[in-house]
Amino acid sequence: MNKKICLLIILCSLFGLKSLRAQEFNFDVSVSTARVEGTDQRAFEALKEGIVNFMNNRVWTNIEFKPEERLEGAIVVNVKNKDGNVIEAELNIALRRPTYKTNFNTPLFNYVDDDFVFEYIESQPLDFSENTYMSNLTSTLAFYAYYCLGLYFDSFGLYGGEEFFKAAERVVDAAQSADESGWKAFDDKRNRYWLCENMINASYKPLRQYMYEYHRLGMDKMSTKQEEGRAAITKSLEYLQQMYSQRPNLLSIQVINDTKRGEWKSIYTEGTQQEKTKAVNLLREIDPAHASEYEEILTNRK
């Protein structure tokens, strides 16, 4: 059976989906101009509306969604400088996903992109072509759209987001001739190139095994079989341990740590002391810069 159909059946069974039709995203978009006070705000309001329309009203896949099924998250553009039509900013993008039979949303991605410099002319349409670099603004937004879809579908089916990571790769490939940074391997070790590379590199498949087992076998079971779900979550951390032992500076491990740190601590407020100890040892290893924060798990005797 086609993998997309299998994933769609899973989504339907989880959330009671019937007829499907809509765009994929429902991002809450904001543009912060606190650092550039005194500038004309009309262009920034138009930019916000343009991003909302580009991300939320564009059809990114051939998979149909009902409005209530759309992927939710937030996009914050923190403007640092504006020189004519050129805007220098930070892009913070966060994605979350519902968990089975609960009102809880688990974070899938929370990342700040510092290499977000683009030209924006008010009222100019935001054009995009997957295989042609047209602007840094639309290529960057499209990259994160595909990347988020990849993460989302990976969390429901093992390697289920493959085609979307491949689409993100095509955006990166098309941007290799761009003057703006963030697209090339030699620009930095923390950029779009490496985010994508980490997901499509076959050597790093344990990252994607973690993504599936943590969410589908772990978080989705917590509402009905809490102990079984938490055990699956602990097991999934071993994939990150495996990757960290081989590549401790891997960007995706850093991003996962930043995205999940708070949730990890919350999950292990319950459980046996043996289970907590095992989890803390894993978390200390994969997130050594914040090792002391996980002490809270061991001291919580609930």
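Residues numbered from 1 in each chain as written. Predicted model: local features only at pLDDT ≥ 70, side-chain atom pairs only at ≥ 80, totals over all residues. Heavy atoms only, no water.

S.K.: Mind laying out the environment of Val-59, listing which residues take part and the relevant values?
M.R.: With respect to the secondary-structure elements, Val-59 resides in the loop between helix 2 (42–56) and strand 2 (71–83). For the pair Val-59 and Gln-23, spaced 36 residues apart in sequence, the C-alpha separation works out to 5.1 Å. (Helix = DSSP H or I, 4+ residues; strand = E, 2+ residues; numbered from the N terminus.)

S.K.: Break down the sheet that holds strand 2 for me, citing the residues and quoting the values.
M.R.: Strand order in the open sheet formed by 4 strands is 1-2-3-4, and the pairing between neighbours is mixed. Each of the sheet's edge strands pairs with one partner strand only, and the pair in question is strand 1 (25–32) and strand 4 (105–119). When strand polarity is set aside, the average angle formed by the axes of neighbouring strands in this sheet is 15°. Both strand 1 and strand 2 contribute to a ladder of 8 bridges, which runs parallel. The partner of Ser-30 across the bridge, within strand 2, is Val-76. Along the sheet, helix 2 contacts strand 1, strand 2, strand 3 (86–98) and strand 4; its crossing angle with strand 1, the most-contacted strand, is approximately 165°. (Pairing = 2+ DSSP bridges. Axes fitted to C-alpha atoms, helices over the stretch in contact; angles between N-to-C directions. Contact = heavy atoms within 4.5 Å.)

S.K.: Explain the nonpolar core to me, and be specific about the residues and the numbers.
M.R.: Counting 86 residues, the largest nonpolar core has Trp-60, Phe-109, Phe-143 and Trp-264 as the members making the most contacts within it. Top contributing element to this core by residue count: helix 3 (residues 136–154), with 13 residues. Those residues in contact with Phe-143, other than ones at most four positions away along the chain, are Ala-168, Val-171, Val-172, Trp-183, Arg-192, Leu-195 and Cys-196. (Core = buried A, V, L, I, M, F, W, Y, C linked by side-chain atoms within 4.5 Å. Buried < 20%, exposed > 50% of the residue type's maximum accessible area, 1.4 Å probe, protein only.)

S.K.: Please give an account of unusual backbone geometry that cites residues and values.
M.R.: Apart from glycine, the bulk of residues carry a negative phi angle, and the bulk of peptide bonds sit in the trans form. The backbone phi angle of Ser-123 is positive, close to 75°, even though this residue is not glycine. One can find Ser-123 in the loop between strand 4 and helix 3. We note that Tyr-159 has phi near 60°; this positive angle belongs to a residue other than glycine. Within the secondary structure, Tyr-159 is located in the loop between helix 3 and helix 4 (162–174). Under the relative-accessibility criterion, Tyr-159 is labelled buried at 18%.

S.K.: Quick rundown of the pairing of strand 2? Include the residues and the values.
M.R.: Of the crossover connections in this fold, the one passing from strand 1 over helix 2 to the parallel strand 2 is left-handed. Pairing of strand 2 with strand 3 involves 11 bridges; the strand directions are antiparallel. Bridge pairing in strand 3 links Val-76 to Asn-92. Hairpin remark: strand 2 followed by strand 3, antiparallel, with 2 residues in the connecting loop; positive phi at Gly-84, about 65°. (Right-handed = clockwise from strand over helix to strand, strands pointing away.)

S.K.: Any chance you could break down the side chain of Ser-139 for me, citing the residues and the numbers?
M.R.: With respect to the helices, strands and loops of the structure, Ser-139 is situated in helix 3. The buried category is assigned to Ser-139, whose relative accessible area is 2%. In contact with Ser-139, other than residues within four places in its own chain, are Phe-128, Tyr-133, Met-134, Val-171 and Trp-183.

S.K.: Report on the pairing of strand 4, specifying residues and quantitative values.
M.R.: With 12 bridges connecting them, strand 3 and strand 4 associate as antiparallel partners. From the neighbouring strand, Leu-95 faces strand 4, where its bridge partner is Phe-109.

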